[in-house]
Amino acid sequence: MRILIVDDEPAMHASYARSFAPVRAEAADTLDAMAAALFGDEATVGAAGDDASNFALTQCHQGLDAVAEVERALAAGAPFPVAFIDIRMPPGIDGRETARRIRALDPDINLVIVTGYSDFSPLEIAKVAGPPDKIFYIAKPFEVAEIVQTATALTHRWQADRELRAARETLAAQVKQLEEQGLELAANESRALHLATHDSLTEAPNRLAFLRALGERARKPGLFGTAMLDLDRFKLVNDTLGHLAGDALIREMCAKLQQSSPEGAVVARLGGDEFGVLFDTAGQEAAVMACERMIAACSVTFSVLGNSVRGGASCGLVVVDGSDDRDPVDIVRRADLALNDAKRSGRGVVRLFDDSMDDSIRFRREVEDRLSQAVARNELSLAYQPIVARDGLDIDGFEALVRWNTTEFGLISPDTFIPIAEESNLIHDLGDWILGEALKELQHWPGQYVSVNFSPRQFRRHNFVGHVMKSVQQAGVSPGRVQIEITETAIFDDAERAADTLYKLRQMGFRIALDDFGTGYSSLYNIRKFALDCLKIDRSFIDGMGRERESAAIVHSIIHLGRALGLGVVAEGVETEAQVQALRVAGASHMQGYYFSRAVPAEQARVLAEQRTMATLPPMAVGGAPR
């Protein structure tokens, strides 16, 4: 411990030397024994002696000499932790000035003012040699223990201050590094997002961004137009002038569309020579006029790599009211049908979509009309597919699946009629019937739960929670035996509202399953905040496990994610023994599929429920072989 002594009296230097002299062994032993007898602390004196033996004194008789010693010590990288300074040191600078100059050189040193006079008040000294917490005072004459303990304590404090400052500097550097990394990540994320949502050739929004914008607009009331434009004779330009000329023409046409499109429109390059334009409109006539202006703007002569090229485009248009809750993919499909009609009509024209362009629409209308009468005609039924636990193959629940058998069309797949019902208010009547029938059948099972699918439109229904709870109460069923299956689309369309709805359902005791997980646009942050019980892995990934490394990796990732979040994981579409074993090893909590059983009628589901397990049945023994 390096100590600086500044005093003009030789006698005081002798006192300091005696105070900090190493303690003799026999004296230390005597003091230790006395301390032990008095205080029961054998370490007290010995420790003090150890500290004293480590002091190295630098003694100066004048203030200027002390200032010079401090300068040398700092230059050598061995600063003084403590300096004891006398106030009166004639001739030369006094202790106050000495303290001021030393403090100016070394802001970390602890200064101890040692004096028997009151020439300067502590406040005066602190003003020139502060901060106050690094200035201390000892009156002359001092006690040995006083001076040694002060030096020891201040030296330890000085060392602790240095270590704390170093730690703070390290922490500050790490924080700065993290901030820089955060800024870099944010910049990379922004660049990646831009690349993911913009066309690299034109910098216009791409198909992904266009569909996202269309999906958002389709949920807002008011008329809007969706136009698909295709360049006329573009292949001829590519074939005769080359791809560079084709790229240049694409950029020119994109610029023309952006300049001539209605204010606030989204102009996107969807791929190749196809563009999409999304814009608000007052009606069909106004929308057609807007598209005709864009076609006219494109029907000019361009200079492309020194060649004159006559531009042109054809347009298909559909006008939709956002309050109709239309499917964005279907809107694009209809606009594409109108575009095809425009091309058949001789190009360079705008065609507004009408139902005659789509044979499937007539079929959809027939299905919709028939579906509205399906309940009254007793054409609907429910089938139940077991949900099997991984380890003991116990049947923990059944998924309720609707079936529709008509006299006109025969058996119609749910993949056909559910979307049609979803586009109309029929989905609410159909959903109410499914829930009611499932709750009735649940009462015949010894303890399993029933899993019921709800569409996005049902989930957004006003007072959805109250409606479901009322149905359960009327059936006399515990909410804990009802699992609500919803898709990612249903909850991520309005994440905040969905989170609130799911929380209320969980508070009431319902089970919540996220269906077809992995096929939507999940946000891990959102999944974490949603009140979920389990994730259901889409059957497409299970089917691809044995053929595609990507599918197997996705399945393992979803299972690990579910387990990390404390959620169950149900693998759908399990059809082979190899899939069962792979899913067991991966850690899926439950499985469902033709390997165990097809969806069976209510009577057969009751038998399985009473049996409680699939372990006693050979694979695929229930419901026949898989399709």
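Rules behind the numbers
- Residues numbered from 1 in each chain as written.
- Predicted model: local features only at pLDDT ≥ 70, side-chain atom pairs only at ≥ 80, totals over all residues.
- Heavy atoms only, no water.
- Phe/Tyr/Trp six-rings, centres within 6.5 Å; stacked < 30°, edge-to-face > 60°.
- Helix = DSSP H or I, 4+ residues; strand = E, 2+ residues; numbered from the N terminus.
- Buried < 20%, exposed > 50% of the residue type's maximum accessible area, 1.4 Å probe, protein only.
- Pairing = 2+ DSSP bridges.
- Axes fitted to C-alpha atoms, helices over the stretch in contact; angles between N-to-C directions.
- Parallel < 35°, antiparallel > 145°, perpendicular 65-115°, else oblique.
- Left-handed = near helix turned anticlockwise from the far one by under 90°.
- Contact = heavy atoms within 4.5 Å.
- Disulfide = S-S within 2.5 Å.
- Salt bridge = Lys/Arg side-chain N within 4 Å of Asp/Glu carboxyl O.

Undergrad: An account of the packing of aromatic side chains is needed here, citing residue identities and associated values.
TA: Considering all chains together, one arrives at ten aromatic pairs under this definition. Geometrically, the ring pair formed by Phe-398 and Trp-445 is tilted, given 4.7 Å between the ring centres and 40 degrees between the ring planes. Within this pair, whereas Phe-398 is found in strand β14 (residues 395-406), its partner Trp-445 is found in the loop between α15 (426-442) and β16 (449-453), the two being separated by 47 residues in sequence. A relative accessible area of 4% means that Trp-445 is categorised as buried. Where Trp-404 meets Phe-417, the ring centres are 5.4 Å apart and the plane angle is 85 degrees; that geometry is what we call edge-to-face.

Undergrad: Give a description of the pairing of strand β18 (residues 511-517) that names residues and reports values.
TA: A large share of β18 lies buried, amounting to five of its seven residues. For strand β17 (residues 482-487) and β18, the ladder comprises five bridges, and the chain directions are parallel. Across the sheet, residue Gln-483 finds its bridge partner in β18, namely Arg-511. Where β18 lies against strand β19 (residues 534-537), three bridges are found, and the strand directions are parallel. Opposite Leu-514, over in β19, you have Leu-535 as the bridge partner.

Undergrad: Please give an account of the packing of helix α5 (residues 95-105) against helix α6 (residues 122-129) that cites residues and values.
TA: Interhelical geometry of α5 versus α6 gives an angle of 30 degrees and a closest axis separation of 8 Å. Our classification of the angle between α5 and α6 gives roughly parallel. The two elements α5 and α6 meet at a crossing, and its hand is right-handed. Contacts between α5 and α6 pair Arg-96, Ala-99, Arg-100 and Arg-103 from the former with Glu-124, Val-128 and Ala-129 from the latter.

Undergrad: Tell me about the pairing of strand β13 (residues 380-389), residues and numbers included.
TA: Strand residues, when the strand is regular, have side chains that alternate between the two faces of the sheet. The buried count for β13 comes to nine of ten residues, which makes it a mostly enclosed element. What sits between β13 and β14 in their antiparallel hairpin is a turn of five residues, with Leu-393 showing a positive phi close to 60 degrees.

Undergrad: Which residues make up the sheet that holds strand β5 (residues 135-139), and what values do they have?
TA: Read across the open sheet, the five strands follow the order β2-β1-β3-β4-β5; overall the sheet is parallel. Two strands close off the open sheet at either side, each with one partner strand: β2 (56-60) and β5. Averaged over all pairs of adjacent strands, the angle between their axes in this sheet comes to 20 degrees, without regard to strand direction. As judged from the five bridges shared by strand β3 (residues 82-86) and strand β4 (residues 110-115), these two strands associate in the parallel manner. Residue Ile-85 lies in a different strand from β4, and its bridge partner there is Ile-113. The strands touched by α5 are β1 (2-6), β3, β4 and β5; relative to β3, the strand with the most contacts, the crossing angle is about 155 degrees.

Undergrad: Can you explain the state of the cysteines? Please cite residues and give values.
TA: A complete count under the given rule lists zero disulfides for this structure. Cys-298 forms no disulfide, and the closest cysteine sulfur to it belongs to Cys-254, at a distance of 9.6 Å. No disulfide involves Cys-315; its sulfur sits 3.8 Å from that of Cys-291, the nearest cysteine.

Undergrad: Quick rundown of the environment of Met-508? Include the residues and the values.
TA: For Met-508, the location among the structural elements is in the loop between α19 (495-507) and β18. Between the C-alpha atoms of Met-508 and Gly-480, which are 28 residues apart in sequence, the distance is 8.4 Å.

Undergrad: A description of the environment of Ala-389 should follow, citing residues and the corresponding values.
TA: With respect to the helices and strands, the residue Ala-389 is situated in strand β13. Looking at Ala-389, the relative accessible area reads 14%, which means it is buried. Distance in space between the C-alpha atoms of Ala-389 and Ala-209 is 41 Å, their sequence separation being 180 residues. Excluding residues within four positions of it along the chain, Ala-389 makes contact with Asp-394, Asp-396, Ser-589 and His-590.

Undergrad: If you had to explain the side chain of His-590 to someone new, which residues and values would you point to?
TA: Inspection of the secondary structure puts His-590 in strand β21 (residues 590-591). Not counting the four nearest positions on each side in its chain, His-590 is found in contact with Ile-387, Val-388, Ala-389, Arg-390, Asp-396, Val-569, Val-570 and Ala-571.

Undergrad: Could you give an account of the environment of Pro-141, with specific residues and numbers?
TA: Among the secondary structure elements, Pro-141 is positioned in the loop between β5 and α7 (144-197). For Pro-141, a relative accessible area of 78% translates into the label exposed.

Undergrad: With reference to specific residues and values, describe the pattern of salt bridges.
TA: In a structure, side chains of opposite charge can pair up when their charged atoms sit close to one another. In this structure the tally under the stated criterion is 30 salt bridges. The shortest N-O distance in the salt bridge between Asp-199 and Arg-269 comes to 3.1 Å. Here Asp-199, found in the loop between α7 and α8 (207-217), pairs with Arg-269, found in strand β7 (residues 266-271); they are 70 residues apart in sequence, far enough to count as distant. With a shortest N-O distance of 3.3 Å, Glu-572 and Lys-536 are connected by a salt bridge. Note that Glu-572 is positioned in the loop between β20 (568-571) and α23 (577-586) and Lys-536 in strand β19, a separation of 36 residues in sequence. Like Glu-572, the residue Lys-536 is buried in the burial classification. Taken together, the salt bridges that share partners define one network made up of Asp-133, Lys-134, Arg-157 and Asp-161.

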